[in-house]
Amino acid sequence: MNKGTGSIARIHEARTTTPRIDPEIKSLMGNEAIARGAWEAGVKVGAAYPGTPSTEIMESLGTYPAEDLDAQWSTNEKVSLDVAIGASLAGVRAMCAMKHVGLNVASDSLMSQSYIGVNGGLVLVVCDDPGMHSSQNEQDTRLFGQFAMVPVLEPSDAQEAKDFTKLAFELSEKFDTPVIVRSTTRLSHCRSPVVVGEREQIESRGFRDSPAKHVALPTNARVRHPIVLERERKLKEYLNTSDLVRWEPGSDELGVITLSTCYTYVREVIPEASVLKLGVSYPLAEDVIRRFCDSVERVIVVEELEPFIERELRAMGIEVEGKKYFPRVGELSPENLREGLHKAGIISELPKTTDLGIEPVARPPVLCAGCSHAGTYMVLRTAGARVMGDIGCYTLGAIEPLKAMDACVSMGASIGMAVGMAKAGATDKPVVATIGDSTFLHAGIPALIDAVYNNVNITVLLLDNQTVAMTGGQDHAGTGRTLRGDETHRVDFEKVIRAIGVKWVKTVDSYDIGSLYQTYREATQYDGVAVVISNRPCALDPVKIKGTPFYVRSEGCTACQACMNLACPAISWSDELFDGHHKVKINQTTCIGCSMCAQVCPTDCIQLSETGTA
Amino acid sequence: MRVSTSSAVEREPSPTTAAEPTNVLIVGVGGQGVITVSKVLAQLCLQNKLKVKQSEIHGMAKRGGAVFSHVRFGREVYSPTIPLGQADILLALEWAEGLRWLPYLNPETGTFISDTQQIIPPFSCRNRKRGATSNYVFRSVEQVKQHVPNSYAVDATGMAEGLGNPRAANTVLLGMLSTALDFSVDDWQAIIAQSVPPKTVEVNRQAFLLGREWIQSDAHKEEREQVEVAKPPPAPVVDDVVIDLEITEAWCKGCDICVKMCPERCLALNSSEIVELANPDACTACRLCEWLCPDFAIAVHVHKKETAIA
Ligand SMILES: Cc1ncc(C[n+]2csc(CCOP(=O)(O)OP(=O)(O)O)c2C)c(N)n1
Ligand code: SF4
Ligand code: SF4
């Protein structure tokens, strides 16, 4: 390798030597590695509902040949698990993937499928989001695994993500159980080299007629429950001798029990400790753990989020330390691991850092320039509505300057919450639910039926931007395309809504601010369930929209900044002032020409660039 | 580690723990190409048969938020993220983002390379009061150099424009980055050629060499020292004032034009459908309501505050 000759001091010469990697290696993101593992394991059916950080798993599985496997977007996570269950019972290997909160939706099926077991291997990949980079909570999936008595595998890097996924199918068949592979944002979105293999050719086992096992009737389930407990015992026994649990000897004074990406932080920060790396968090390999703990003077458990392992070990009567030193919230990192070990008296000094005493610039995520949700929320705020929100890009309508959302809980909750508000007699403002197209299909339809059935006075705004935008622009049943991009039936929202029994339905152009006001008024004046479908494609997906930009004719700008209430990131202050206030300017590269700001401007000084001088 | 008497520490360090990885932190704003730049580096490491981890958070990236990507490579890499204070190089595609991540740079040996480009988010322009300034964080090149001697501020976009394609700015930065790492120019060029549109291969090749030379060659010494970051405009000079909204109730017919159009949403109709100033603190005296009211029912008065010091 050519040594750099630059004037910047070359860094750590010794570091980049010794080739260690051989040819059948690919650079894969954790999620791609999981898909690769499933493909190699001969998976036949894959189903998922998108959700950060899990989305790329099914997208990636969909890039493998259609002859090998079927990969699909499902309407929600429960449907995706049900699809996988059906495929497993039919005799093939099946997988579903979801983000942590998706498992809440799918859990009804999981809890009982645990009793039923599998035929072909059945794997659920669940991606947690410690630190909530893009989630509404940071629940810990390991508790769900324990609750459902389903084993939880915990890879620590992309290589293990691939290997463990493959193994998960074998364990599923061997122990007759669904298996959870748990990932986290750090693993799912980290790219590293992976030694890949070939696809196993697995014949379908065929459907096995066994109603006593497959039909979840009380009489059958009573027989199955003890079998599940026995399965847990057998799994523990297996783990005591499995490679999934790795003992890395080191100092006999300090032993660390760890798993997942936490393992990588441990090896980074205290390479000298003895380490017991658990590849499985439920159930626990009790014998090995006891022997490990006996071999060292002090045992520290390093895990992200809940003190799950720590509590289990205490229950076993083993003395361990853990959350006393490390946070129970947010992501673990080399920094907070080091701080914790410092508190524990294990590390004597913390490294120095550069501190310029700078309060970093606030750069929160914002709606894109020309986002079709912006006008709708501006109207809602100005018109004064009590807004029950939902989950998607449009949740950003909750923050300044749109600030037109009073509550938001979980996917599809908005309509049910609006029903409750109306029933509670909250009538100071019109009660409105706002819900995205994908969220409406996911869990909004049953709630809309509820609203009609129970005859409440609410307005529902269906924000149809024709994609699952928040997670990167995936297709869904309302786009008319499948995961592999093939054309398929497209759900007609207006027909569905009318069929449910809604009498007042109107579709408006999300860019037409005047019509939005007008239609919103009419809808809220209607006594009963009114649905406004606000329709415009997302500015970013599936096609990045770019029209002629608008510009501000500065002479006419009175610096009222009314246009800035749209939260469009293309609009910011110019250096010119009017009466002590900043005039505005429009970034010509990022403006997509949606015209909403021009409609809002009271002095008519926002104009199309071609006609102007910009 | 305090348990230093233990056998583990006295043992020969194992090959997996001896060699520390090289840490490059690449940061910027959604849409700038942070991920693409870091993929080039990661691919380069892979081709040179190194272990490499590239970790990013991209959930909110496309929505104009801060984007960062950790690239770590060497004989063995454990943590996917660079520990605080251990980045060998911080490559920033935007000035304030560079400042945000400076604590991650190794305070003794770290190198800071940053574009002087400033992307001021609308969020920094939220204060509507008279005389308000943007709260975009500003530090001059000199201020940063006082803390980080190995600092390079560059106008990569300007340099790329000089070559006829402003989009090659990131390749200029890669050229600069290349001077701090042990990969051959040919390897860099080959990978860059694969990752840019075919028509732009030549301009990117030049952009890479320009960036590289700019740091290495004495010919650019003066230029290097002259780079400045645009200063924020001075705060507008305004008098200390009292805002007074005069509403002639008899003339108001409750059409609510002003209520809808007030940018600060500080007006409301009261129970008798007459406009009132519901949130006086939010009023910035933009006068929009005065100009828009068809019935002249609102007048905005701005009085100088008497600030006589007794
Ligand atoms: C149970 C659950 N599944 C998935 C997600 C991830 N998620 C957040 S927003 C969103 C999609 C929203 O799409 P849509 O309603 O069409 O709104 P858009 O983002 O397009 O505005 C998804 C899938 C989640 N938060 N919770
Ligand atoms: S991705 Fe689409 S829906 Fe989301 S903020 Fe951007 S334009 Fe709006
Ligand atoms: S027309 Fe106005 S609101 Fe639309 S993208 Fe351009 S600046 Fe933003």
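Calculation criteria
- Residues numbered from 1 in each chain as written.
- Chains lettered and ligands numbered in written order.
- Predicted model: local features only at pLDDT ≥ 70, side-chain atom pairs only at ≥ 80, totals over all residues.
- Heavy atoms only, no water.
- Helix = DSSP H or I, 4+ residues; strand = E, 2+ residues; numbered from the N terminus.
- Rg over C-alpha atoms; globule rule 2.2 N^0.38 Å.
- Buried < 20%, exposed > 50% of the residue type's maximum accessible area, 1.4 Å probe, protein only.
- Contact = heavy atoms within 4.5 Å.
- Areas by Shrake-Rupley, 256 points an atom, 1.4 Å probe, with all protein chains shown as cover.
- Lys, Arg positive; Asp, Glu negative; His and termini not counted.
- Charge placed at Lys NZ, Arg CZ, Asp CG, Glu CD.
- Domains from an automatic or database assignment.
- Core = buried A, V, L, I, M, F, W, Y, C linked by side-chain atoms within 4.5 Å.
- Salt bridge = Lys/Arg side-chain N within 4 Å of Asp/Glu carboxyl O.
- Pairing = 2+ DSSP bridges.
- Axes fitted to C-alpha atoms, helices over the stretch in contact; angles between N-to-C directions.
- Near = heavy atom within 4 Å.
- Polar contact = N/O pair within 3.5 Å; in protein donor to acceptor, adjacent residues only side chain to side chain.
- Nonpolar A, V, L, I, M, F, W, Y, C, P; charged D, E, K, R; others polar.
- Expected span 1.5 Å × (residues − 1).
- pLDDT = per-residue confidence, 0-100.

Focus: the overall build of chain A
Line of reasoning, step 1. Summing up its helical and strand segments, chain A has 19 helices and 22 strands in all.
Line of reasoning, step 2. At 28 Å, chain A has a C-alpha radius of gyration in line with the 25 Å of a compact globule built from 614 residues.
Line of reasoning, step 3. The buried share of chain A, reckoned over its 614 residues, is 60%.
Line of reasoning, step 4. Partitioning the contacts of chain A with sequence separation of at least 6, the portion at a separation of at least 24 is 74%.
Line of reasoning, step 5. Total accessible area on chain A is roughly 23300 Å²; 51% of this is exposed by carbon and sulfur atoms.
Line of reasoning, step 6. A gap of 1 Å separates the mean positions of the 61 positive and 77 negative side-chain charges of chain A.

Looking at the domain arrangement of chain B
Line of reasoning, step 1. What the domain assignment reports for chain B is domain 1 (22-227) and domain 2 (241-304).
Line of reasoning, step 2. Using C-alpha coordinates to define each centre, domain 1 of chain B is positioned 49 Å away from domain 2 of chain B.

What about the nonpolar core?
Residues and elements named next belong to chain A.
Line of reasoning, step 1. In this structure, Ile415, Leu448, Ile458 and Ile497 are the most contacted members of the largest nonpolar core, which totals 85 residues.
Line of reasoning, step 2. If you count residues domain by domain, this core takes at least three from each of domain 3 (372-535) and domain 4 (550-608).
Line of reasoning, step 3. In contact with Leu448, other than residues within four places in its own chain, are Ile415, Phe440, Val460, Ile497, Ile500, Val502, Val529 and Val531.
Line of reasoning, step 4. Core analysis: the next-biggest nonpolar cluster, separate from the first, contains 84 residues, Ile34, Leu89, Leu124 and Val245 among them.

Thoughts on the pattern of salt bridges
Two side chains that carry opposite charge are able to pair once their charged atoms sit near each other.
Line of reasoning, step 1. One pass over the structure, following the stated rule, counts 50 salt bridges over all chains.
Line of reasoning, step 2. Between Glu286(A) and Arg290(A) there is a salt bridge whose closest N-O contact spans 2.9 Å. Note that Glu286(A) and Arg290(A) are positioned in helix α11 (residues 286-295) at a spacing of four residues, about one turn of the helix.
Line of reasoning, step 3. Lys260(B) is paired through a salt bridge with Asp256(B); the nearest N and O atoms lie 3.8 Å apart.
Line of reasoning, step 4. Sharing partners across several salt bridges, the network here consists of Asp128(A), Asp140(A), Arg142(A), Glu154(A), Arg182(A) and Glu303(A).

Section: the sheet that holds strand β2 (residues 51-56) of chain B
Line of reasoning, step 1. Strands sit in the order β1(A)-β8(A)-β2(B)-β3(B)-β1(B)-β4(B)-β5(B)-β6(B) across an open sheet of eight strands; the sheet is mixed. The sheet is open, and its two edges are formed by β1 (25-29) of chain A together with β6 (151-154) of chain B, each paired on a single side. Taking the axes of each pair of neighbouring strands and ignoring which way they run, one obtains an average angle of 15° across the sheet.
Line of reasoning, step 2. Docked against the sheet, helix α6 (residues 158-175) of chain A engages β1 and β8 (190-195) of chain A, running at close to 60° with respect to β8(A).

Section: the pairing of β8(A)
Line of reasoning, step 1. For β8(A), the buried fraction is high: five of the six residues fall into the buried class.
Line of reasoning, step 2. Where β1(A) lies against β8(A), five bridges are found, and the strand directions are antiparallel. When the bridges of β8(A) are listed, Lys26(A) appears paired with Val194(A).
Line of reasoning, step 3. Sheet topology places β8(A) next to β2(B); two bridges connect them, and they run antiparallel. Bridge pairing in β2(B) places Arg191(A) opposite Gln54(B).

Quick look at the site of ligand 1
Residue and element names in this part refer to chain A.
Line of reasoning, step 1. Near ligand 1 lie 25 residues; those nearest to it are Glu77, His373, Asp437, Thr439 and Ala469.
Line of reasoning, step 2. The contact in question runs from a nitrogen atom of ligand 1 to an N or O atom on the side chain of Glu77, over 2.5 Å.
Line of reasoning, step 3. Backbone polar atom of Thr467 to an oxygen atom of ligand 1: 3.1 Å apart, as the coordinates give it.
Line of reasoning, step 4. Summarising the interface, the protein chains cover 97% of the accessible area of ligand 1, which totals 580 Å² for the free molecule.
Line of reasoning, step 5. Listed by contribution, the elements that provide at least two residues to the shell around ligand 1 are α4 (100-116) and α16 (437-453).
Line of reasoning, step 6. Here the residues of the shell around ligand 1 sort into 11 nonpolar, 11 polar and three charged.
Line of reasoning, step 7. Taken domain by domain, the shell around ligand 1 gets at least three of its residues from each of domain 1 (7-239) and domain 3 (372-535).

A short note on helix α9 (residues 201-216) of chain B
Line of reasoning, step 1. Helix length check: α9(B) (16 residues) gives 23 Å between terminal C-alpha atoms against 22 Å at 1.5 Å per residue, within 8%.
Line of reasoning, step 2. Taken together, the buried positions of α9(B) are Val203(B), Asn204(B), Ala207(B), Phe208(B), Gly211(B), Arg212(B), Trp214(B) and Ile215(B).

A closer look at the environment of Ala451(A)
Residue and element names in this part refer to chain A.
Line of reasoning, step 1. Within the fold, Ala451 resides in helix α16.
Line of reasoning, step 2. On the accessibility criterion, Ala451 (0% relative accessible area) is buried.
Line of reasoning, step 3. For Ala451 and Gly416, which are 35 residues apart along the polypeptide, the C-alpha to C-alpha distance reads 7.3 Å.
Line of reasoning, step 4. When near neighbours in sequence (up to four residues on either side) are disregarded, Ala451 contacts Ile415, Val419, Val456, Ile458 and Val529.

Some thoughts on the pairing of strand β7 (residues 179-184) of chain A
All names here are of chain A.
Line of reasoning, step 1. Most of β7 sits inside the fold, with six of its six residues counted as buried.
Line of reasoning, step 2. Covered by surrounding structure in β7 are Val179, Val181 and Ser183 together with Ile180, Arg182 and Thr184, the residues of both alternating faces.
Line of reasoning, step 3. Two strands pair when backbone bridges link them, and strand β5 (residues 122-128) and β7 are joined in this way by six bridges, in the parallel orientation. In the strand pairing of β7, Leu124 is matched with Ile180.
Line of reasoning, step 4. The pairing of strand β6 (residues 152-153) with β7 spans two bridges and is classified as parallel.

Things to note about the confidence of the model for chain B
Residue and element names in this part refer to chain B.
Line of reasoning, step 1. Per-residue pLDDT for chain B has a mean of 85; in total, 90% of the residues score no lower than 70.
Line of reasoning, step 2. Mean pLDDT values over the elements of chain B span from 33, in helix α1 (residues 7-10), up to 97, in strand β4 (residues 89-92).
Line of reasoning, step 3. Every residue in residues 1-18 scores below 50 in pLDDT, and together they form 30 contacts with partners more than four places removed in sequence or on other chains.
Line of reasoning, step 4. We note a pTM of 0.92 for the whole complex and an ipTM of 0.89 for its interfaces.

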